[in-house]
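Letter by letter, the chains look like this.
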Amino acid sequence: MLMIMEPGDRVPRQHPLRRVKELADAALAQLSPLFAEMYSLIGRPSIPPERLLKASLLMALYTVRSERMLCEELDYNLLFRCSSI
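Residues numbered from 1 in each chain as written. Predicted model: local features only at pLDDT ≥ 70, side-chain atom pairs only at ≥ 80, totals over all residues. Heavy atoms only, no water.

A. View of helix α1 (residues 16-38). Helix length check: α1, at 23 residues, gives a terminal C-alpha distance of 32 Å against a target of 33 Å (1.5 Å per residue), a fit within 8%. A bend of about 45° at Leu31 is the largest found in α1, and the proline Pro33 appears one to four places after it. Of all the positions in α1, only Leu17, Ala24, Leu28 and Phe35 are classed as buried. (Helix = DSSP H or I, 4+ residues; strand = E, 2+ residues; numbered from the N terminus. Expected span 1.5 Å × (residues − 1). Bend = angle between axes of the 7 residues up to and from the residue. Buried < 20%, exposed > 50% of the residue type's maximum accessible area, 1.4 Å probe, protein only.)

Here is the structure:
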């Protein structure tokens, strides 16, 4: 039987990374207006700083050595996918 699920549905409810994600989201929500002021209205849009900071946090927690390795983990590891994006 085929079921369509979100990546976060596959991560246990009691996983510690869920709490870390909640704390990071709350802190970044407070910083979001500051980030919005820094954006330029001209030029190509950049990657949101909130997403970059969450990715850096994942790299630190799971000792991922490079951004390239992080991108690989995002392809293969559901835990990374549901917590960083």
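B. View of the nonpolar core. Counting residues in each nonpolar core, the largest one holds ten residues, listed as Val11, Leu17, Ala55, Leu58, Met59, Val64, Leu70, Leu79, Phe80 and Cys82. When contributions to this core are tallied by element, the ones reaching two or more residues are α2 (49-61) and α4 (78-84). If near-sequence neighbours (up to four positions away) are discounted, Val11 is found in contact with Arg18, Leu79 and Cys82. (Core = buried A, V, L, I, M, F, W, Y, C linked by side-chain atoms within 4.5 Å. Contact = heavy atoms within 4.5 Å.)

C. Broad picture of the environment of Leu70. Among the structural elements, Leu70 can be located in helix α3 (residues 67-76). Ignoring sequence-local partners within four residues, the contact set of Leu70 consists of Ala55, Met59, Val64 and Phe80.

D. Layout of the pattern of salt bridges. According to the stated counting rule, one finds three salt bridges in the structure shown. Put simply, Asp25 and Lys21 hold a salt bridge, and the shortest N to O gap is 3.1 Å. Highlighted residues: Asp25 and Lys21, both in helix α1, separated by four residues, approximately one helical turn. Overall, Lys21 belongs to the partly exposed group, its relative accessible area being 23%. With a shortest N-O distance of 2.7 Å, Lys54 and Asp25 are connected by a salt bridge. Here Lys54, found in helix α2, pairs with Asp25, found in helix α1; they are 29 residues apart in sequence, far enough to count as distant. Given a relative accessible area of 28%, Asp25 falls into the partly exposed group. Each of Lys21, Asp25 and Lys54 takes part in a single network of salt bridges with overlapping partners. (Salt bridge = Lys/Arg side-chain N within 4 Å of Asp/Glu carboxyl O.)

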